[in-house]
Amino acid sequence: DIPEEGLATVLRQQRDRQFLYAPVLACTIDHIMAATETKRGGRYILPSLRLMSSDLVIDEVDDFTGSDLIAIGRLIHLAGMLGRKVMISSATIPPDLAEGYFNTYRAGWRIFSKTRDVSSRIGCAWIDEFKTSVTSIDKHQDNDALEVYRQNHQQFAAKRIEKLAKQTARRKAEIILCQSIIDDCEFDSDETKQEQFFHKIQQAILEKHQNHHTQDTRSGLNVSFGLVRVANILPCVAASKYLMECKWPDDVDVKVMAYHSQQILLLRHEQEKHLDSVLKRKENIGAQPDAFSNAIIRRHLDSSSAQHMLFILVATPVEEVGRDHDFDWAVVEPSSFRSIIQLAGRVRRHRDGEVSSPNIALLQYNWRAIKEGDQEREKYFCRPGYEDQQILDTHDLCKLIKIREIAQSVNAIPRIQKPIPLNYRNSLTDLEHYVTQVQLANYRGVGPEKLQGYLAESWCYTALPQVLNPFRKSEPTTKLFLMYEPDEDRCVFIEKDDQGYPINRENILQIRKQAISGVQEKNLWLERDYVTLL
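Now for a quick tour of the structure. Small disclaimer: the values here were computed from a predicted structure and weren't measured. (Residues numbered from 1 in each chain as written. Predicted model: local features only at pLDDT ≥ 70, side-chain atom pairs only at ≥ 80, totals over all residues. Heavy atoms only, no water.)

**Some remarks on a negative patch on the surface**
Heads up, the condition is: A patch consists of residues whose relative accessible area exceeds 30% and which take part in no salt bridge; residues with like charges are grouped when within 9 Å of each other, and nonpolar side chains (Val, Leu, Ile, Met, Phe, Trp, Tyr) when within 5 Å. Using a 1.4 Å probe, accessible areas were evaluated by the Shrake-Rupley method; residue-level cover was limited to the displayed protein chains. When a carboxyl oxygen of Asp or Glu is within 4 Å of a side-chain nitrogen of Lys or Arg, the pair counts as a salt bridge. His is not counted, nor are the chain ends; Lys and Arg add positive charge and Asp and Glu add negative charge. All charge positions are set by atom: Lys at NZ, Arg at CZ, Asp at CG, Glu at CD. Secondary structure elements follow DSSP: runs of H or I of four or more residues count as helices, runs of E of two or more count as strands, with numbering from the N terminus. Buried residues are those whose accessible area, probed at 1.4 Å on protein chains only, stays under 20% of the maximum for their type, while exposed residues exceed 50% and partly exposed ones sit between those limits.
Together, D183, D184, E186 and D188 line one region of the surface with negative charge. Along the chain, the position of D188 falls in the loop between α7 (179–184) and α8 (190–211). A relative accessible area of 35% places D188 in the partly exposed class.

**Here's the deal with the side chain of N359**
Definition in use: Contacts described as polar in this section are N or O atom pairs within 3.5 Å, which, within protein, must combine one atom able to donate a hydrogen with one able to accept it, while residues neighboring in sequence count only if both atoms come from side chains.
Secondary-structure assignment places N359 in the loop between α12 (337–344) and β11 (360–363). Polar contacts involving the side chain of N359 include one to the main-chain carbonyl oxygen of R170, which spans 3.0 Å.

**Topic: the sheet that holds strand β13 (residues 490–496)**
Note the cut-off: In this analysis, strands are considered paired if DSSP registers two or more bridges between them. An axis is simply a line fitted to the C-alpha atoms; with a helix, the fit covers only the stretch in contact. Between two such axes, the angle follows the N-to-C directions and lies from 0 to 180 degrees.
Spatial ordering of the open sheet is given by β12-β13-β14, a layout of three strands whose pairing is antiparallel. Whereas interior strands pair on both sides, the edge strands pair on one side only; in this sheet they are β12 (481–485) and β14 (502–504). If you compare each strand with its neighbour and ignore which way they point, the axes differ by 55° on average. Relative to β13, β12 is paired through five bridges, and the arrangement is antiparallel.

**A word on the side chain of E99**
Cut-off, in case you're wondering: Throughout, a residue-residue contact means that at least one pair of heavy atoms, one from each residue, lies within 4.5 Å.
Topologically, E99 is positioned in helix α5 (residues 95–116). Side-chain polar atoms of E99 contact the side chain of Y443, separated by 2.7 Å. Non-local contacts of E99, meaning those with residues more than four positions away in its chain, are made with L146, Y149, R150 and Y443.

**Section: the packing of aromatic side chains**
What counts is decided by this rule: Pairing of aromatic rings covers Phe, Tyr and the six-membered ring of Trp, with a centre-to-centre limit of 6.5 Å; geometry is then stacked below 30 degrees between planes, edge-to-face above 60, and tilted otherwise. Distance and angle both matter: a charge sits over a ring if NZ of Lys or CZ of Arg is within 6 Å of the ring centre and within 35 degrees of the ring normal.
Applying the stated criterion to the full structure yields 12 aromatic pairs. Between F198 and Y242, the aromatic rings sit 5.7 Å apart at their centres with planes inclined by 50°, giving tilted as the arrangement. Pair noted here: F198 is in helix α8 and Y242 is in helix α9 (residues 233–245), with a separation of 44 residues, a long-range link. An identical accessibility class is assigned to F198 and Y242; each is buried. Ring centres of F225 and F311 lie 4.9 Å apart, and the angle between their planes is 15°; on these two criteria the pair is classed as stacked. You can see F225 sitting in strand β7 (residues 222–229) and its partner F311 sitting in strand β9 (residues 308–315), a full 86 residues away along the chain. The buried category is assigned to F225, whose relative accessible area is 4%. On the basis of relative accessibility, which here comes to 0%, the residue F311 falls in the buried class. Through pairs of rings, three or more aromatic residues link up here, namely F197, F198, Y242 and W367. Of note, K496 hangs over the ring of F481, and the distance from its end group to the ring centre comes to 4.4 Å.

Quick look at the structure:
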């Protein structure tokens, strides 16, 4: 037992005790980031106490971009200062991200080793599904240590690339041309452009289904489960409505579901529970998918008189990380090459064997570029994306990625291998390497906004680094709750006041509830009732 006399103001709830005392703590990174991100007050105390006795594992570390990467560097530096071990994991770690975080950790470990009178040697390990490489780096000169680390990382990455190149191609991609929308609809309304854009997605869906489906032996239907990846929430909802309402061939039935981060959490939980149970393909090759025995899927299949059944999930980047789902095909609105690789990891995720035709369709432009006509000196691969600091010369995917390579296989090689020199104005992958290098491996960077300035200067004694590069830098949001009023038998969106009492916000926020049409209801993949779930 740990004495709590001095921790009364910190351990206010049972979950605070669990946070501090649990032998192994699994949480989102937000819970631990307060250790370095608190500008005033004592909210840093509990996560700092936890970090004093815990090694740190950060999963899917390259899911973060921009200011978040620099903020995570501050957390890794603190872990090094406390003498803890740090592991970062992802299938697509760029060289500069790994090296930058090693340098950050080493700066923290140097402080720990001096104050504890222990060795400054750092044990480093590189691990993938093929092998493990371990070495100790104990050079005292900064450049020597970085060079030793760089050589070890390059050697390990080279062997991994060699192994990846020999693997069978489970994912192949092609680009869906959208130039005609920009050329023909220059003076049309945004609604017309968006309808043309969604029509391209519909055509790609039908083509991918024809080449990648499974026949249900009970109903005789050709069935596929596909993913449409959209960059932002509003287009995600609009695309879902379009795919439910548009005209499909007579022998095709579709079931559509929208999936994004601003859904009501209870409904999202129900949705994710269904998707986790359905999108599994770990059965023997040639066997019927487990999804065909799911009650909801079975009801859709048995009630259809068509020849083809498409289950379409329209999702934002929430689907890219942390979801163990297996899709037959995907249609992708591009934001970055990293997101393409992560999304590709959801296609045939549980199945082996090479595919003969492309099962991933990449749209030539994203919606922002089509909407504004791909104007020069404009940023379209941002929020999400890497184009904040450096603008590309073009946003035509045909000119930004190597078409022949993705047609042969979509894998992580372009992410873990850094080309020299970087053509960061005409290559999507080179842009990402360049931005990561500037943010994390710029050892001449000075000032509170730079990671190197935080490490080598005295800005760590101020809150300026946190102000200039905050974690989770985003637009202000309003946290709403959907509350059921039994007296009126209705649900209303509310906020909570300081005492936790509900305040109706529907009028002031102009929230309008819209009943779905008969066509939309017919083509819904999953029906959920909020009151029933409550």
